[in-house]
Amino acid sequence: MHPKQNSNYPKTFVLLFLLTTYAGFSGSVAQALDQIVRPWQGVRSAGMGGVRLLTSQYDESFFGNAARHAHNPTWKVETPINLTGEVGAGTISTASTVISGFSDSSGLVGSLLDLVGVNNHVRIQNTFPGVYMPDLFRVSGNPISINFALTNSLQGDVGVRKNMTISPQFVVDNSFHVAFAGRFLPREELSLGVDTHFDHRIATGKPISILTLFQSTSGTGLEAKDFLGEGGQVELDLGGEYILPWSFEVNTDVVVGASLVNLLGGKYTSVPIKIMNDLGDPPANPTAFGFGVAIRRPSLSILDESVVSIEISDIGNNNGGNFFRMLHLGAETRLSVLSLRAGINQGYLAAGAGLDLKILSLDAATYGEELTLVTGRFEDRRYIGRLSIHL
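These numbers were taken from a predicted model, which means no experiment stands behind them.

Chemist: Would you mind going over the overall build of the protein in detail, with residue names and values included?
Modeler: A tally of helices and strands in the protein yields five helices and 15 strands. Evaluated residue by residue, the protein yields a buried proportion of 49% over its 391 residues. When contacts within the protein are restricted to residue pairs at least 6 apart in sequence, those whose partners lie at least 24 apart make up 66%. Accessible area of the protein: about 17800 Å², with a carbon and sulfur share of 67%.

Chemist: A description of the packing of aromatic side chains should follow, citing residues and the corresponding values.
Modeler: Throughout the structure, instances matching the rule amount to six aromatic pairs. Ring centres of Tyr 58 and Tyr 132 lie 5.2 Å apart, and the angle between their planes is 75 degrees; on these two criteria the pair is classed as edge-to-face. With Tyr 58 in the loop between α2 (43-47) and β1 (76-88) and Tyr 132 in strand β2 (residues 120-139), this residue pair connects regions lying 74 residues apart in the sequence. Judged by relative accessible area, Tyr 58 falls into the buried class, the value being 8%. Pairing Phe 62 with Tyr 132 gives two aromatic rings, centres 6.2 Å apart and planes at 40 degrees, and the pair type is tilted. Taken together, the positions of Phe 62 in the loop between α2 and β1 and Tyr 132 in strand β2 put the pair 70 residues apart, joining distant regions of the chain. The buried category is assigned to Phe 62, whose relative accessible area is 2%. We classify Tyr 132 as buried; its relative accessible area is 0%.

Chemist: Describe empty space enclosed by the protein, naming the residues involved and giving the relevant values.
Modeler: The full count for this structure, using the stated rule, is four cavities of 30 Å³ or more. Here the largest cavity defines a volume of roughly 450 Å³. Along the walls of the largest cavity sit 37 residues, with Arg 38, Pro 39, Arg 52, Phe 63 and Gly 64 positioned nearest its centre. Counting residues per element, the ones that place at least two in the lining of the largest cavity are α2, β4 (165-184), β5 (190-204), β8 (253-261), β9 (288-297), β10 (306-315) and β14 (360-370). Class assignment of the residues belonging to the lining of the largest cavity gives a composition of 13 nonpolar, 16 polar and eight charged.

Chemist: So what's going on with the environment of Phe 378? Residues and values would help.
Modeler: Mapped onto the fold, Phe 378 is located in the loop between β14 and β15 (379-390). Using a relative accessible area of 14% as the deciding quantity, one classes Phe 378 as buried. Sequence separation between Phe 378 and Gly 117 is 261 residues, and the spatial gap between their C-alpha atoms is 9.6 Å.

Chemist: Residue-level account of unusual backbone geometry, with values.
Modeler: The omega torsion across Phe 128 and Pro 129 is -5 degrees, close enough to zero to call that bond cis. Assignment of secondary structure puts Pro 129 in strand β2. Phi is positive for Tyr 58, which is not a glycine, with a value near 50 degrees. A positive phi angle, near 55 degrees, is found at Glu 188, a position not held by glycine. Within the secondary structure, Glu 188 is located in the loop between β4 and β5.

Chemist: How would you sum up the pattern of salt bridges? Please name residues and give values.
Modeler: Under the criterion given, the structure shown has 19 salt bridges. A salt bridge links Asp 281 to Lys 274; its shortest N-O distance comes to 3.7 Å. When its relative accessible area of 37% is taken as the criterion, Lys 274 is described as partly exposed. Glu 332 is the partner of Arg 341 in a salt bridge, and the nearest nitrogen-oxygen pair spans 2.8 Å. If you follow the salt bridges from partner to partner, you end up with Arg 38, Arg 52, Asp 314 and Glu 369 in one network.

Chemist: Tell me what's going on with the side chain of Asp 59, and back it up with residues and numbers.
Modeler: Its place among the elements puts Asp 59 in the loop between α2 and β1. The contact partners of Asp 59, leaving out residues within four places of it in the chain, are Trp 40, Asn 82, Thr 127, Tyr 132 and Arg 386.

Chemist: Tell me about the layout of surface pockets, and please be specific about residues and values.
Modeler: There is about 1100 Å³ of room inside the largest pocket. In terms of residue class, the lining of the largest pocket is made up of 12 nonpolar, 10 polar and 17 charged.

Chemist: Residue-level account of the pairing of β8, with values.
Modeler: Pairing of strand β7 (residues 228-243) with β8 involves six bridges; the strand directions are antiparallel. Residue pairing across strands places Leu 238 opposite Leu 260, the latter belonging to β8. Sheet topology places β8 next to β9; nine bridges connect them, and they run antiparallel. Bridging from a neighbouring strand, Gly 257 pairs with Gly 292 of β9.

Chemist: Let's hear about the side chain of Asn 65: which residues, and what values?
Modeler: Inspection of the secondary structure assignment puts Asn 65 in the loop between α2 and β1. Owing to a relative accessible area of 0%, Asn 65 belongs among the buried residues under this scheme. Separated by 3.0 Å, the side chain of Asn 65 and the backbone oxygen of Leu 53 make a polar contact. A distance of 3.2 Å separates a polar side-chain atom of Asn 65 from the backbone oxygen of Gly 240. Excluding residues that lie within four positions of it along the chain, Asn 65 makes contacts with Leu 53, Ser 56, Gly 239, Gly 240, Ala 258 and Ser 259.

Chemist: Help me get a handle on the environment of Asn 126, residues and values and all.
Modeler: Looking at where Asn 126 falls in the secondary structure, it is placed in strand β2. Look at Asn 126 and you get buried, because its relative accessible area is 17%. In this structure, the C-alpha to C-alpha distance between Asn 126 and Leu 83, residues 43 residues apart in sequence, is 4.9 Å. When residues no more than four places from it in sequence are discounted, the contact partners of Asn 126 are Trp 40, Pro 80, Asn 82, Leu 83, Leu 150, Thr 151 and Asn 152. From its side chain, Asn 126 meets the backbone oxygen of Asn 82 in a polar contact 2.9 Å long.

The rules behind the values
Residues numbered from 1 in each chain as written. Predicted model: local features only at pLDDT ≥ 70, side-chain atom pairs only at ≥ 80, totals over all residues. Heavy atoms only, no water. Helix = DSSP H or I, 4+ residues; strand = E, 2+ residues; numbered from the N terminus. Buried < 20%, exposed > 50% of the residue type's maximum accessible area, 1.4 Å probe, protein only. Contact = heavy atoms within 4.5 Å. Areas by Shrake-Rupley, 256 points an atom, 1.4 Å probe, with all protein chains shown as cover. Phe/Tyr/Trp six-rings, centres within 6.5 Å; stacked < 30°, edge-to-face > 60°. 1 Å grid on protein atoms, 1.4 Å probe; cavity = no way out; pocket = protein on both sides within 12 Å on 5 of 7 lines; lining within 4 Å. Points joined across faces, edges and corners; volume = space filled by probe spheres on them. Nonpolar A, V, L, I, M, F, W, Y, C, P; charged D, E, K, R; others polar. Salt bridge = Lys/Arg side-chain N within 4 Å of Asp/Glu carboxyl O. Pairing = 2+ DSSP bridges. Polar contact = N/O pair within 3.5 Å; in protein donor to acceptor, adjacent residues only side chain to side chain.

So yeah, pure geometry; function would need other evidence.
And the structure:
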């Protein structure tokens, strides 16, 4: 008797042949995923072209500039209903095809071919609990704010490379932050902040070959330790902001600021915590520096507070990418409970809006993210929204 044949191998050879043929025509669009991986994406920041060092509020400040914790407008307590969701344009266009293809083996080849050269992105975030206490007490007359929060984020990107590997990039981040910030000098023009946080990360670190993926369907070839890493760390962020003593117009502030995040290295190795056994270390979120300048005006005609900011961020976390991947320009203006936002993120247009109804906030935005090391080669258009009920 002949040994029993594995029915997965014919499908494997067909798939490899088709992918090789298709990749020859796909050009440069099937790039490796070289995007800047950020543990958090604020909806307000997304609509403003990614600026956050001189504009962030509440939970966005945990991932922007610690000094901004001194500028939260009011006290706030987050409820469990505080959810952010984000999808990429590629995810929207291929989701139905992938689902139908994986429902039966005959559609698997076609579904994977649809993924070649397309990035499929998704993100889900939550902040709870979150407590923000601006100007809680004074030290030598200087107002001090204290904020703390537990943030949870899951982000995923899946694409098929030209070399017949699947490049899954899944990152699950859980962080507990405690931040202190204050305003100093006679006019309170200097703001300083520090954020200490405990972080836990589970993330993919290596591409997976198509052959290994098919072998895993027969019970061999792929194990969690082959592509997952896990680790924990205690980290420190520092930030500052200064209102310049001059301005080109009355009732307008010119503000400069800078931020240093993950001062201790961001390697997820300082706390030996492993929920899953036998996993290596996850990809790092290295020390990064950013700075910027903003113009703020408390009112303009019928508009309430308006701000325009230009920032250079992720210095040290750019993975060898060009300068424009770190460049962000954004603006926001408010009209009563409505906020309108626009900007340029890494050379791609961004826009957004927000509605603040005291205990209920709704925000939505769209922006483009560069997936290669050179801006302009591979835009991933993304859509993000948030529903928040707070006290």
